[in-house]
Amino acid sequence: MITIPPAFQRFMFELHEEEGQAWLERLPRILATCAELWGLVVEEPFSNLSFHYVTRARRRTDNTPVVLKACSPTGEFRMEAATIAHYEGHGMVRLLDTFPEGEVMLLESLTPGKTLNTLTDDEQATRYAAGVMRQLWRPAPEQHDFPSVADWGRGFQRLRQQYGGGYGPFPSRLLDEAERLYAELTASMVTPMLLHGDLHHDNILQAEREPWLAIDPKGLIGEPAYETGALLRNPLPDLLHRPNPGRIQERRVAILSEELGIGRARIRSWGLAQCVLSAWWSIEDTGQYPADTIACAQLLADIKV
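Described below are features of the structure shown in this document. Everything numeric in this text was worked out from a predicted model, so none of it was measured.

Criteria and thresholds
Residues numbered from 1 in each chain as written. Predicted model: local features only at pLDDT ≥ 70, side-chain atom pairs only at ≥ 80, totals over all residues. Heavy atoms only, no water. Disulfide = S-S within 2.5 Å. Buried < 20%, exposed > 50% of the residue type's maximum accessible area, 1.4 Å probe, protein only. Pairing = 2+ DSSP bridges. Helix = DSSP H or I, 4+ residues; strand = E, 2+ residues; numbered from the N terminus. Axes fitted to C-alpha atoms, helices over the stretch in contact; angles between N-to-C directions. Salt bridge = Lys/Arg side-chain N within 4 Å of Asp/Glu carboxyl O. Core = buried A, V, L, I, M, F, W, Y, C linked by side-chain atoms within 4.5 Å. Contact = heavy atoms within 4.5 Å. Phe/Tyr/Trp six-rings, centres within 6.5 Å; stacked < 30°, edge-to-face > 60°. Lys NZ or Arg CZ within 6 Å of the ring centre and 35° of its normal. Lys, Arg positive; Asp, Glu negative; His and termini not counted. Polar contact = N/O pair within 3.5 Å; in protein donor to acceptor, adjacent residues only side chain to side chain.

**Observations concerning the state of the cysteines**
Counted under the stated rule, the structure contains 0 disulfides. Between Cys-275, a free cysteine, and Cys-296, which holds the nearest cysteine sulfur, the sulfur-to-sulfur gap is 3.9 Å. On the basis of relative accessible area, Cys-275 is assigned to the buried category, the value being 0%. The class for Cys-296 is buried, based on a relative accessible area of 0%.

Dropping the structure here:
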């Protein structure tokens, strides 16, 4: 019996509407096919399901734990699988197999699997994240069709078009600065690498073969400094409720600069630019204005570097 939590069902319909409902109806058959194909007993899904269905499973032959990730209709399956395969386990969960017809990945199970978000020491968490980043940055394959940082930056154009060339709900000074910084940073990037693309606290898990490993990559071509942006805008809204969140952000920028050998100004600027762009993506996906994300962007804008 495949368990599909009601909250996940509602989110899939909100996100994908009729296409999401049709995918949910197919999902039990997809998972049953994978269980037969790979000789698995499918167990309970993870409690923090978001955009995709991720569940624990075990091999029938030796009881080895594995993870099944069935991708919803986001179009992310092919890039994510290709990215994980390219890393070959370096700083990243291992890809064991794929079922392309159902857009399902068979993944290594990471134990104990606690996220970086469970650490109470933010400075230590930031150093651990920097260590994962250093493992992940690898030259891109010679032949690929991964999106680039410039491709993602076209979100600013869509934002302006949506609001008739204006600002909509965005603070004008913040949007202008973010748009300018993104263009300047993109034009002055150092040698591009294959990046994770969404390396925040909930995508870094405690493991056995390495202290911390990444999951859920997007696959993006850009300079290493870009990777720090997702970490700086997470976790929300928790970050904003901590004592002196501005100081936390300032320390994160300093630690990342120290650990990665990247200038503070560049890290802060990427963080700010991506934070505003991420807010626009939220509007595109949900129609809701993410005030917490904009508040985080303002924290980064206030840092003096």
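Resuming the write-up.
**Quick word on the sheet that holds strand S4 (residues 95-99)**
Spatially, the 5 strands line up as an open sheet ordered S1-S2-S3-S5-S4, and their pairing is antiparallel. Taken across any chain shown, the strands that pair with only one partner, and hence form the sheet edges, are strand S1 (40-45) and S4. Direction aside, the axes of adjacent strands within the sheet are offset by 30° on average. Both S4 and strand S5 (residues 104-108) contribute to a ladder of 4 bridges, which runs antiparallel. Within the sheet, the bridge partner assigned to Thr-98 lies in S5 and is Met-105.

**Some thoughts on the pattern of salt bridges**
Under the criterion given, the structure shown has 22 salt bridges. In this structure, Asp-216 and Lys-69 form a salt bridge, with 2.7 Å as the shortest nitrogen-oxygen distance. One end of the pair, Asp-216, is in the loop between strand S8 (212-214) and strand S9 (220-222); the other, Lys-69, is in strand S3 (residues 65-70), and 147 residues separate them in sequence. When its relative accessible area of 28% is taken as the criterion, Asp-216 is described as partly exposed. Take Lys-69: its relative accessible area is 4%, and that puts it in the buried class. For Arg-127, the salt bridge identified is with Glu-259, shortest N-O distance 2.7 Å. Of this pair, Arg-127 sits in helix H4 (residues 122-136) while Glu-259 sits in helix H10 (residues 245-260), placing them 132 residues apart in sequence. Here the salt bridges share partners, and the residues they tie into one network are Asp-122, Asp-238, Arg-242 and Arg-252.

**Structural notes on the nonpolar core**
It is characteristic of soluble globular proteins that their nonpolar side chains tend to be buried jointly. One finds Trp-23, Tyr-53, Leu-68, Phe-170, Tyr-182 and Val-276 to be the most contacted residues of the largest nonpolar core, which totals 95 residues. The element contributing the most residues to this core is helix H11 (residues 264-286), with 10 residues. Among all residues touching Leu-68, those that are not within four sequence positions of it are Leu-31, Cys-34, Trp-38, Leu-40, Val-42, Tyr-53, Val-54, Thr-55, Val-104, Met-105 and Leu-106.

**Concerning the pairing of strand S2 (residues 53-59)**
Judged from the 4 bridges that link them, S1 and S2 form a sheet pairing that is antiparallel. By the bridge assignment, Val-42 is partnered in S2 with Ala-57. Pairing of S2 with S3 involves 6 bridges; the strand directions are antiparallel. Counterpart to Ala-57 in the pairing with S3 is Val-66. Linking S2 to S3, which pair antiparallel, is a turn of 5 residues; within it Asn-63 sits at a positive phi near 65°.

**Description of the packing of aromatic side chains**
Ring pairs (aromatic) are described by centroid distance and by the angle formed between their planes. A full pass over the atoms with the stated rule returns 12 aromatic pairs. Measuring from centroid to centroid gives 6.1 Å for Phe-8 and Trp-23, while their planes differ by 70°, and the two rings are edge-to-face. Highlighted residues: Phe-8 in helix H1 (residues 6-16) and Trp-23 in helix H2 (residues 18-38), separated in sequence by 15 residues. In this pair, the class of Phe-8 matches that of Trp-23, namely buried. Ring plane angle 70° and centroid distance 4.8 Å describe the contact between Tyr-226 and Trp-270, whose orientation is recorded as edge-to-face. Here Trp-270 lies in helix H11 and Tyr-226 lies in the loop between S9 and helix H8 (228-232), a separation of 44 residues in the sequence. For the pair shown, Tyr-226 and Trp-270 are each scored as buried. Joined through ring pairs, the aromatic side chains of Trp-152, Phe-156, Tyr-182, Tyr-226, Trp-270 and Trp-281 make up one cluster. It is Arg-56 that lies over the ring of Phe-46; its NZ or CZ is 4.1 Å from the centre.

**Quick notes on the environment of Leu-239**
Structurally, Leu-239 can be placed in helix H9 (residues 238-241). The buried category is assigned to Leu-239, whose relative accessible area is 0%. With 53 residues separating them along the chain, Leu-239 and Asp-292 place their C-alpha atoms 9.4 Å apart. Not counting the four nearest positions on each side in its chain, Leu-239 is found in contact with Leu-232, Asn-234, Pro-245, Ile-248, Gln-249, Arg-252 and Cys-296.

**Description of the side chain of Glu-227**
Here Glu-227 is to be found in the loop between S9 and H8. Buried charged residue Glu-227 carries no salt bridge. Nearest counter-charge: Arg-233, at 8.7 Å. At a separation of 2.8 Å, a polar atom in the side chain of Glu-227 contacts the main-chain amide nitrogen of His-196. Dropping the residues within four chain positions of it, Glu-227 is found in contact with Met-133, Trp-137, Leu-195, His-196, Gly-197, Asp-198 and Leu-199.

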